[in-house]
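# Tertiary structure, described
Each chain is listed here by its residues.
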Amino acid sequence: MINAEVARLFERIADLLELTGENRFRVNSYRQGARSVDALTEDLAALAAENRLQSVKGIGKGLAEHVHYFIEHGTIDVLDDLQKRLPPGLPKLMEIPGLGPKKVAKVHEALSVNGLDDLKKVIADGRLAQLEGFGETSVKKIAEGIAFLETSGKRTPLGIALPLAEELRDRLLSVEGVRRVEIAGSARRGEETVGDVDLLCEADNGETVVKAFTAFPQVRRVLASGATKGSVTVGLSDDRELQVDVRVVPKESFGAALQYFTGSKAHNVELRERAVKKKWKLNEYGLLDVDEKRLAGEDEAGIYRAFKLPWIPPELRQARDELSGEFDFESLVALEDIRCDLHMHTTASDGRHSIEEMAEAAKALGYHTIAICDHSKSSVIANGLTVERMKAHIKAIRKAGEKTAGIRILAGCECDILPDGSLDYPDELLAECDWVVASIHIAQGKGGSGKLSPTQRTLAAIENPFVSCIGHPTGRLINRREPMDLDMAAIVKAAADSHTMLEINAAWQRLDLKSDHARQAIAAGVMLSVNTDAHSTGDLRQMRYGVVTARRAAARKSDILNALTPAALLNRIRTKRKVSS
Ligand code: DGT
Ligand code: CA
Ligand code: CA
Ligand code: ZN
């Protein structure tokens, strides 16, 4: 459906026209057109084919011609002309909070500002503050806006955004008149990074709720505050800001709004296409049939039920195949299914807690098994264990296991895969471990001449009979380090053939494998192991990020090693050793 795109382009034309100082009527006709198109449930392309575009209120002859042009060329000529006429750096300035099209037009005209650098100059030399309609306060706001724009390029990791969203949700719940609050958007879908946080609030006193929200102590700047919607930024520890949107809706629309604002956009488009086929109307207010009779809106499941679909877990709303009706969502792995964590560190290498402390914390989470996996000798910075220390550590782990009732403690290690593809410990030592995670930490770049590539190193480790699992297989750090250049198809196949597990490292900085790779591994028949790589007892709670990543890969409980019974788990580990040796 082209409606959303056409609406966006009309909106853009309106902005650019306003920037050139075009008269208000012409600007408004585009804005009105954008709104009409957005609200339309019929497909614009179908209307155009029947020459009925002008029957839509808000679309006159000119806009109808634009739609026809768009269908033929995939663009709108007026927009292209405008973009050619304007200095290339100018439209970008409209995105700065505190600077709309009118003000940008003014600084362009009065001070010949053509882009961001020019703008910074007239702020620095005081000329902007002297311009009529600006002044010290508004210039200060614009300067802050520039800083925000320049640092907000990066998306925020889920592990930072989600706890913040939960904090704000809980605080909103204590605001008078608020009956219900849900996190929507990418955070609810469990995306590894979040652009902005979307909160949805059920209440009748929108204005006071939004006011209270904008006054929360976490709020750094208020971007908008109205009767049903508020938008703020909160400060992050690295001095970046994260935008948070709040929408207040009445009870009868809550489910429709939750469905709409959870997205993804592509998933919503598919669902709306189904509605259009039935001549129904679906939007954030509810689902209406041909006679405008309300079919659903109060609860989210009701929306899907109207389409004869089960409620769809947010993680799977990706416009893949979740609307096919073929997936058994009941079998999808959930946090409650996770009964063990098989990668964690202790004070023996670079962890903060002892074996016993880690075991007690895991027991409190209801786990039946953990594996202690401290670093091997070549991870010098991480205080990796020499062969002798590792031997002693295995004894210490067994002793702790005997002392600690109610949980099994596996003696494991996180063994480095060296640049030549060999492992950091001899096979005899690995054989003494119950469970071995093999990871690449050293020389993650492409192999130089005569050296093995990361793919070859990983394949070599998979072939070793004592390697149970490959840890954080791609080595990426979200926003900080690119993944290694790997032939994932080859790795996945070798892992499946040898019964080697691949890890979904649940640390939010890693999420490695990521969900697309996890999906690929599952399709090849690989058993995945979701582990926190905890360096403290608190880190064990990061398991949830690994689980949403697995859910985004449509992992069933039976695809995840950590959801098996104790006996089945040990059996799987033994299978690898038997098959390989
Ligand atoms: P983000 O913030 O970039 O991480 O991703 P989202 O998915 O949270 O996106 P956001 O915050 O722009 O919008 C939240 C949801 O609202 C989005 O997932 C789907 C819905 N939505 C927003 N704009 C549109 C639209 O133009 N069409 C449709 N169908 N849905 C939209
Ligand atoms: Ca969002
Ligand atoms: Ca948003
Ligand atoms: Zn580790």
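Residues numbered from 1 in each chain as written. Chains lettered and ligands numbered in written order. Predicted model: local features only at pLDDT ≥ 70, side-chain atom pairs only at ≥ 80, totals over all residues. Heavy atoms only, no water.

## Digging into the domain arrangement of the chain
Each assigned domain of the chain is listed with its residue range as follows: domain 1 (3–152), domain 2 (156–248), domain 3 (254–327) and domain 4 (341–566). One C-alpha centre belongs to domain 2, the other to domain 4, and the line joining them spans 35 Å. Each partner contributes to the interface: domain 2 provides 12 residues, whereas domain 4 provides 10 residues. Interface area, domain 2 with domain 4, both sides summed: about 940 Å², of which 58% is carbon and sulfur. (Domains from an automatic or database assignment. Contact = heavy atoms within 4.5 Å. Buried area = accessible area lost by both parts, 1.4 Å probe.)

## Description of the nonpolar core
In summary, soluble globular proteins display a tendency toward joint burial of nonpolar side chains. Counting 61 residues, the largest nonpolar core has I409, L502, L528 and I560 as its most contacted members. Apart from residues lying up to four places away in sequence, I560 is in contact with V333, I338, M527, L528, V530, A550 and A555. Counting residues in each nonpolar core, the second largest holds 47 residues, with L40, L44, V67 and I96 among its members. (Core = buried A, V, L, I, M, F, W, Y, C linked by side-chain atoms within 4.5 Å. Buried < 20%, exposed > 50% of the residue type's maximum accessible area, 1.4 Å probe, protein only.)

## Describing the sheet that holds strand β5 (residues 219–225)
Taken in spatial order, the 5 strands line up as β2-β4-β7-β6-β5 in an open sheet, and their pairing is mixed. Single-partner strands in this sheet number two, and they are β2 (180–184) and β5. Within this sheet the neighbouring strands show an average axis-to-axis angle of 25 degrees, counted without direction. Bridge analysis of strand β4 (residues 197–202) against strand β7 (residues 241–249) gives 6 bridges, and the strand direction is parallel. Opposite C201, over in β7, you have V248 as the bridge partner. Along the sheet, helix α12 (residues 206–214) makes contact with β4, β5, β6 (229–235) and β7, crossing β5 at roughly 155 degrees. Sheet contacts for helix α13 (residues 254–262): β2, β4 and β7; angle to β2, the most-contacted strand, approximately 20 degrees. (Pairing = 2+ DSSP bridges. Helix = DSSP H or I, 4+ residues; strand = E, 2+ residues; numbered from the N terminus. Axes fitted to C-alpha atoms, helices over the stretch in contact; angles between N-to-C directions.)

## Quick notes on the coordination of the calcium ion (ligand 2)
Donor atoms from the polypeptide that bind the calcium ion (ligand 2) are D196 (O), D196 (OD) and D198 (OD), placed at 2.2 to 2.5 Å. Considering all 6 donor atoms around the calcium ion (ligand 2), angles at the metal cover 69 to 168 degrees and the coordination shape is irregular. Between the calcium ion (ligand 2) and the calcium ion (ligand 3), a spacing of 3.7 Å is present, and a bridge between the two is formed by D196. On the basis of relative accessible area, D196 is assigned to the partly exposed category, the value being 22%. (Donors = N, O, S within 2.8 Å, 3.2 Å for Na, K, Ca; no water. Tetrahedral: all angles 85-135°; square planar, octahedral: opposite > 155°, others 65-115°.)

## As for the layout of surface pockets
Taken as a whole, the largest pocket spans an internal volume of roughly 1600 Å³. As for the largest pocket, its lining consists of 42 residues, and the residues nearest its centre are A4, R8, D38, Y260 and K265. Of all the secondary structure elements, the ones that give two or more residues to the lining of the largest pocket are α1 (3–19), α2 (24–39), α11 (185–189), β7, α13, α14 (265–277) and β8 (281–283). The element best represented in the lining of the largest pocket is α1, accounting for 8 residues. Counted by class, the lining of the largest pocket contains 13 nonpolar, 12 polar and 17 charged residues. Approximately 520 Å³ is the volume found for the second largest pocket. Surrounding the second largest pocket, 20 residues form its lining, L162, A187, R188, E315 and V548 being those nearest its centre. For the lining of the second largest pocket, the secondary structure elements donating two or more residues are α10 (158–173), β2, α11 and α22 (543–552). (1 Å grid on protein atoms, 1.4 Å probe; cavity = no way out; pocket = protein on both sides within 12 Å on 5 of 7 lines; lining within 4 Å. Points joined across faces, edges and corners; volume = space filled by probe spheres on them. Nonpolar A, V, L, I, M, F, W, Y, C, P; charged D, E, K, R; others polar.)

## Some thoughts on the packing of aromatic side chains
Scanning the model with the defined rule gives 5 aromatic pairs in all. For the ring pair Y260 and F261, a centre distance of 4.8 Å and an interplane angle of 85 degrees mean the geometry is edge-to-face. Of note, R247 hangs over the ring of F261, and the distance from its end group to the ring centre comes to 4.0 Å. (Phe/Tyr/Trp six-rings, centres within 6.5 Å; stacked < 30°, edge-to-face > 60°. Lys NZ or Arg CZ within 6 Å of the ring centre and 35° of its normal.)

## Things to note about the coordination of the calcium ion (ligand 3)
At 2.3 to 2.7 Å from the calcium ion (ligand 3) lie its protein donor atoms, namely D196 (OD), D196 (OD), D198 (OD) and D245 (OD). Sequence positions of the donors to the calcium ion (ligand 3) reduce to the motif D-x1-D-x46-D.

## Concerning the pairing of strand β17 (residues 528–531)
Both faces of β17 are covered, namely the face carrying L528 and V530 and the face carrying S529 and N531. Pairing of strand β16 (residues 501–505) with β17, which is carried by 4 bridges, proceeds in the parallel orientation. Following the sheet pairing, N505 is matched in β17 by N531. Running through helix α21 (residues 515–523), the crossover from β16 to the neighbouring parallel element β17 is right-handed. (Right-handed = clockwise from strand over helix to strand, strands pointing away.)

## Details of α12
Looking at α12, one finds that the buried residues are G206, V209, V210, F213 and T214. Buried residues along α12 cover an arc of 130 degrees about the axis, so they all sit on one side. In this structure, the buried residues of α12 make contact with α10, β4, β5, β6 and β7. (Arc of directions from axis to C-beta.)

## Remarks on the environment of K211
The residue K211 is located in helix α12 in this model. Taking C-alpha positions, K211 is 22 Å from G185, a pair spaced 26 residues apart along the chain.

## Details of the environment of L9
Position of L9 among the secondary structure elements: in helix α1. Along the primary structure L9 and L79 are separated by 70 residues, whereas in three dimensions their C-alpha atoms are 7.7 Å apart. In this structure L9 touches F70, I76 and L79, once residues within four positions along its chain are discounted.

## What about the pattern of salt bridges?
All chains considered together, the criterion is met by 37 salt bridges. Here E144 and K140 are joined by a salt bridge, their closest N and O atoms 4.0 Å apart. Of the two residues, E144 and K140 are both situated in helix α9 (residues 135–151); the distance of 4 residues between them amounts to about one turn of the helix. The shortest N-O distance in the salt bridge between R220 and E241 comes to 3.9 Å. Of the two residues, R220 sits in strand β5 while E241 sits in strand β7, which places them 21 residues apart along the sequence. Assessed through its relative accessible area of 40%, R220 is described here as partly exposed. (Salt bridge = Lys/Arg side-chain N within 4 Å of Asp/Glu carboxyl O.)

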